[in-house]
Amino acid sequence: MAVGTCGLTQSPCSTHATLTSDNGKLESRTTEDSFLSNKSAKVFVAGYRGLVGSAIVRKLQQLGFTDLLLRTHAELDLTRQADVDAFFAAEKPQYVILAAAKVGGIHANKTYPADFIAINLQIQTNVIDSSYRHGVKKLLFLGSSCIYPKFAPQPITEEALLTGPLEPTNEWYAVAKIAGIKMCQAYRLQHGFDAISGMPTNLYGPYDNFHPENSHVLPALIRRFHEAKVTGAKEVVVWGTGSPLREFLHVDDLADGVVFLMEKYDGLVHVNVGSGKEVKIKELAELVKEVVGFEGELVWDTSKPDGTPRKLMDSSKLAGLGWIPKISLKEGLIDTYKWYLENVKQ
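Here is what the cut-offs are and how they apply
Residues numbered from 1 in each chain as written. Predicted model: local features only at pLDDT ≥ 70, side-chain atom pairs only at ≥ 80, totals over all residues. Heavy atoms only, no water. Salt bridge = Lys/Arg side-chain N within 4 Å of Asp/Glu carboxyl O. Helix = DSSP H or I, 4+ residues; strand = E, 2+ residues; numbered from the N terminus. Buried < 20%, exposed > 50% of the residue type's maximum accessible area, 1.4 Å probe, protein only. Arc of directions from axis to C-beta. Contact = heavy atoms within 4.5 Å. Polar contact = N/O pair within 3.5 Å; in protein donor to acceptor, adjacent residues only side chain to side chain. Phe/Tyr/Trp six-rings, centres within 6.5 Å; stacked < 30°, edge-to-face > 60°.

All chains considered together, the criterion is met by 15 salt bridges. The residue K42 makes a salt bridge to E91 at a minimum N-O spacing of 3.4 Å. Here K42 is found in strand β3 (residues 42-46), whereas its partner E91 is found in helix α2 (residues 81-91), with 49 residues between them in sequence. The exposure class of E91 is partly exposed, given its relative accessible area of 22%. In this structure, the salt-bridge partner of D194 is R188, at a minimum N-O distance of 2.7 Å. R188 matches D194 in its accessibility class, with the two residues each being buried. Via salt bridges that share partners, K42, R71 and E91 belong to a single interconnected network.

Shown next as structure tokens:
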């Protein structure tokens, strides 16, 4: 499996500098207080069985963290305030990475808008508030690029938040995620609680959703080309012209970025986490075709809509702090297809 390295170096000094975007100044803290210097600390990874959470757990285990707090939904319902509070009181985690969320595609968001806004607000409120009240040292809240306005200037900077209307098809989810960002900021401003937020771009990798009807474009292409290869189909038809540009980040790179932010970032403003590289859907489809080994024809149904022509996040803030992704798109696709073959295919 292709896994990015953290890209952090240990300083021989007893302190290191941490950039705070609140005021642009550097503040010093002891190395003993840093995330990576305390690998025996209790770390609660909320949502550890999903695409993002599972990658974070793999990364932390590779780095030598020995006391990860992992709970399934059946073991701990994060929408139940009393249960969450009891968990924090009993376990007393020192660090929290909030990757738990109710997610879904356009159809699900349209069909269950109340669930998408209520469940996500409940999860965020319960975990962030309990983290503060039970003495958590640091919390990282993970959101989504859908927080930005539908017509935000490209590439999308962090400052674009709340500057225009959201995409209507997922506004319920987006509003909840925006509230999570603002809650982290409010708890920092009022209580001095070290809560930060990261906003990933389109993600892919092991434990992705490969459902034939409601998966995202990349896992959908992997499944379709694989099934065409197995059945001996002569062609695979893809909607649109293939001209839209999209950005993708392997989930192991995100996990690497999460560790970097936990170690290095203490700012008020949320941080975009992306690859910074665009690919045309047509080029993506050709690359998936190559990786899967489908030898038939790729046909574009130009009577179908293309969707948004471009969606790219500006991740220069994170790059300026010293982090860049390591996994190329082709390398990531090979890794993801290998996982698909071992875990999903029938």
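Those residues of α2 lying buried are V84, F87 and F88. Down the axis, α2 shows its buried residues gathered within 95 degrees of arc, on one side only. Along α2, exposed side chains directed more than 90 degrees from the buried face belong to A82 and A90. In this structure, the buried side of α2 is in contact with β3, β4 (67-69), β5 (95-98) and α4 (113-133). Immediately beyond the C-terminal end of α2, within one or two residues, lies K92, with a positive phi of roughly 50 degrees.

Backbone torsion omega between Q154 and P155 reads -10 degrees, so that peptide bond is classified as cis. Within the secondary structure, P155 sits in the loop between β6 (138-142) and α5 (171-191). The residue L162 is not glycine, and still its phi comes out positive at about 65 degrees. Among the structural elements, L162 can be located in the loop between β6 and α5.

One can find K138 in strand β6. What makes K138 buried here is its relative accessible area of 2%. Side-chain polar atoms of K138 contact the backbone oxygen of L261, separated by 3.3 Å. Among the polar contacts listed, one links the side chain of K138 to the side chain of D266, at a separation of 3.0 Å.

It is worth spelling out the packing of aromatic side chains at this point. Counting across every chain of the model gives twelve aromatic pairs. When the centroid spacing of 5.5 Å and the interplanar angle of 90 degrees are considered together, the rings of F87 and F88 count as edge-to-face. The pair formed by F87 and F88 is uniform in burial state, with each residue classed as buried. Here Y132 and Y187 contribute two aromatic rings whose centre-to-centre distance is 5.7 Å and whose plane-to-plane angle is 80 degrees, an arrangement assigned as edge-to-face. In this pair, Y132 sits in helix α4 while Y187 sits in helix α5, placing the two residues 55 residues apart along the sequence.

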